[in-house]
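# Close look at the chain arrangement
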Amino acid sequence: MRKSRIFEVFEQKKGKKLIIYTKNLVHGKKVYGEDLVTEDGVEYREWTPFRSKLAAAIMKGYLNIGIRKGDIILYLGASSGTTPSHVSDIVGKDGFVFALDFAPRVVRELVYLCEERKNIAPILADANKPETYADKLSLVDVVYMDIAQKNQAEIFLKNCRRFLKKDGYALIAVKARSIDVTKKPRQLFEIVRKEIEKELVIIDYKILDPFEKDHCMFMCKKK
Amino acid sequence: MAKENESYKELESRRSPESLKRLYLENLKLTKKAIKESTGKDNLIIQTIKSIEDLKVGANKLAKRLREWYELYNPEFSRSISDHRKFSQLIISKSRSELLKEIGLKEAESMGADIDKKDIDAILLLAVQIITFYDTKEKLEEYLDNAMEQFCPNTNALAGSLIAAKLLEQAGSFEKLMGMPSSTIQLLGAEKALFRHLKTGARCPKYGIILQHPVVAKSKDKAKAARMLADKISIAVKVDYFKGEFIGDKLRKGIEDKLK
């Protein structure tokens with residue numbers, strides 16, 4: 001087990017394959033059936049790029065994901081908490097994650113996760129209406145968004161404007177198929193890029209093939 | 001701008017560990033409450049229709065297995081009756097010789113193997129289970145009928161409880177279904193064909209779930225009937241959502257008259 005180029009993310013070679021891990025915050029607990037590896041008394045959780053777009057972005061060669069120990073994160077589109085659990089591992093006990101989702105069914109699973117980990121707070125709200133949950137958040141260091149909506153770039157900017165601190169990082173996973181099924185993904189990514197560039201500076205851009213089909217991830221910084 | 005600055009400062013002030021802890025506890029409580037309040041009657045109806053469909057699939061699968069199994073013992077009878085439920089009931093209540101007599105055959109002429117009573121009992125255990133599957137399905141359909149009658153009387157009167165519930169299931173919630181234009185309702189359940197059409201330019205689908213409605217199924221021009229029915233359903237759903245007067249029977253009669 002050795003440190004990877006990204007803060008608080010570890011990597012290990014298994015044969016030819018490279019596997020990434022995060023330190024488990026809650027000892028001995030699995031979140032979604034992933035593998036646990038113990039080395040020198042520290043427990044690590046495997047982070048599979050096929051289930052998490054953030055892990056896919058790291059595997060595709062992101063040099064920095066902007067998330068550090070002790071950061072406060074706003075996670076839009078938390079679903080049942082697969083990726084948020086790893087983000088919560090990265091930020092550690094001093095950090096905090098606001099995990100937001102719209103569907104009651106998946107937030108029910110998320111609540112169980114939040115009860116186990118004291119650094120995630122669940123919020124059941126529509127990311128399209130920041131005013132409805134503004135009083136439930138603090139200012140955040142990083143905004144991460146993974147929601148499959150037609151106007152996701154617009155929602156992303158809305159939230160960054162309101163909750164992201166100055167010079168804070170923002171990550172957005174874009175699903176081309178949920179914007180328009182008829183257009184080519186690359187074309188759509190260009191459109192999204194132009195829309196984001198109006199307000200944020202784009203630092204990095206990666207297409208998440210082969211882990212996620214027709215997805216890409218932008219990393220941005222607030223001006 | 002001044003107001004924005006103010007909210008920025010307030011948001012910033014919540015970054016201390018104490019207030020984060022408070023936010024954690026508050027959000028957990030609020031979210032639990034919100035989840036509790038998010039369940040409506042439509043969620044129950046959607047789960048009911050899903051259960052009915054699962055029961056249908058399960059009962060069919062088990063019934064096929066039962067026949068395969070029972071045919072080792074008595075193949076001729078299984079061929080003579082196609083209704084799974086009746087078949088299961090009969091093999092429990094009557095013996096092989098009685099059943100064969102009913103279809104005019106003697107036991108000695110049968111191709112079935114002679115097996116022990118213990119082995120037959122094992123087969124009949126499965127038959128009992130299959131009957132309960134069909135019974136449960138029937139009871140759930142009855143419940144669905146009543147629930148739909150109360151929950152959305154207009155849509156129910158126009159489309160029938162099963163189709164209305166299936167539309168609800170496809171839409172995801174009553175609110176979403178209410179917001180749909182009639183063209184979307186027309187194609188609910190035909191998503192695969194629709195996206196194939198959009199992607200490759202193949203011929204577009206003309207109806208989804210509403211094809212199961214007798215008005216559409218019996219009509220000569222199905223596309224036209226589907227358009228009309230979807231149109232009226234979208235009206236009925238909106239009336240139901242805002243608790244309007246009962247116009248379901250009028251809508252249905254209108255369509256039936258027009259398509260004559």
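This text follows the structure it describes.
Residues numbered from 1 in each chain as written. Chains lettered and ligands numbered in written order. Predicted model: local features only at pLDDT ≥ 70, side-chain atom pairs only at ≥ 80, totals over all residues. Heavy atoms only, no water.

## Brief notes about the overall build of chain A
Within chain A, the regular secondary structure consists of six helices and twelve strands. The C-alpha radius of gyration of chain A comes to 17 Å, within 12% of the 17 Å expected for a compact globule of 223 residues. Judged by the C-alpha coordinates and their principal axes, chain A covers about 45 × 40 × 35 Å. Each of the 223 residues in chain A was classed as buried or not, and the buried ones make up 56%. Taking the intrachain contacts of chain A between residues at least 6 apart in sequence as the baseline, contacts between residues at least 24 apart amount to 59%. A total of about 9900 Å² of accessible surface is found on chain A, and carbon and sulfur atoms cover 48% of it. Put simply, chain A has 42 plus and 31 minus side-chain charges, and the middle of one group is 3 Å from the middle of the other. (Helix = DSSP H or I, 4+ residues; strand = E, 2+ residues; numbered from the N terminus. Rg over C-alpha atoms; globule rule 2.2 N^0.38 Å. Buried < 20%, exposed > 50% of the residue type's maximum accessible area, 1.4 Å probe, protein only. Contact = heavy atoms within 4.5 Å. Areas by Shrake-Rupley, 256 points an atom, 1.4 Å probe, with all protein chains shown as cover. Lys, Arg positive; Asp, Glu negative; His and termini not counted. Charge placed at Lys NZ, Arg CZ, Asp CG, Glu CD.)

## Overview of the overall build of chain B
The secondary structure content of chain B amounts to 15 helices and zero strands. Taken against the 2.2 N^0.38 rule, which gives 18 Å for 260 residues, the C-alpha radius of gyration of chain B at 27 Å runs more than 25% over that of a compact globule. Its C-alpha atoms give chain B principal-axis dimensions of roughly 100 × 60 × 45 Å. A total of 260 residues make up chain B; the buried ones form 40% of that total. The contacts in chain B between residues at least 6 apart in sequence include a share of 59% that link residues at least 24 apart. Of the roughly 15900 Å² of accessible surface on chain B, a fraction of 54% belongs to carbon and sulfur atoms. Distance from the positive charge centre (48 side chains) to the negative charge centre (38 side chains) of chain B: 5 Å.

## A closer look at the pattern of salt bridges
Residues and elements named next belong to chain A. Counted by the stated rule, this structure contains 26 salt bridges over all chains. Ionic pairing is found between Lys-29 and Glu-116, a salt bridge with its closest N-O pair at 3.8 Å. One end of the pair, Lys-29, is in the loop between strand S3 (17–23) and strand S4 (36–39); the other, Glu-116, is in helix H3 (residues 104–116), and 87 residues separate them in sequence. Overall, the relative accessible area of 39% leaves Lys-29 in the partly exposed class. The class for Glu-116 is partly exposed, based on a relative accessible area of 31%. Via salt bridges that share partners, Glu-34, Arg-45, Asp-89 and Arg-117 belong to a single interconnected network. (Salt bridge = Lys/Arg side-chain N within 4 Å of Asp/Glu carboxyl O.)

## Concerning the side chain of A:Ser85
All names here are of chain A. Along the chain, the position of Ser-85 falls in helix H2 (residues 82–91). A polar contact of 2.7 Å, which involves the side chain of Ser-85, links it to the side chain of Arg-45. Beyond its immediate sequence surroundings of up to four residues, Ser-85 is in contact with Val-31, Tyr-32, Arg-45, Leu-113 and Arg-117. (Polar contact = N/O pair within 3.5 Å; in protein donor to acceptor, adjacent residues only side chain to side chain.)

## A short note on the interface of chain B and chain A
Quite often, the size of an interface is put as the accessible area lost when its parts meet. Between chain B and chain A, the contact holds 19 residues from the first and 32 residues from the second. With both chains or domains summed, chain B and chain A bury close to 2200 Å², and 69% of this area falls on carbon and sulfur atoms. Connecting chain B to chain A are ten residue pairs in polar contact (both at pLDDT 80 or more). Mapped onto the side of chain B that touches chain A, the elements with two or more residues apiece are helix H1 (2–13), helix H2 (17–38) and helix H12 (191–200) of chain B. If one sorts the elements of the side of chain B that touches chain A by residue count, H2(B) sits on top with eleven residues. Taken together, the residues of the side of chain B that touches chain A break down into eleven nonpolar, three polar and five charged. (Buried area = accessible area lost by both parts, 1.4 Å probe. Nonpolar A, V, L, I, M, F, W, Y, C, P; charged D, E, K, R; others polar.)

## Digging into the pairing of strand S2 (residues 9–14) of chain A
Residue and element names in this part refer to chain A. Where strand S1 (residues 2–3) meets S2, two bridges bridge the pair, whose relative direction is antiparallel. When the sheet's bridge partners are listed, Lys-3 is paired in S2 with Phe-10. Between S1 and S2, which pair antiparallel in sequence order, lie five residues; one of them, Glu-8, sits at a positive phi of approximately 65 degrees. Relative to S3, S2 runs antiparallel, the two sharing six bridges. (Pairing = 2+ DSSP bridges.)

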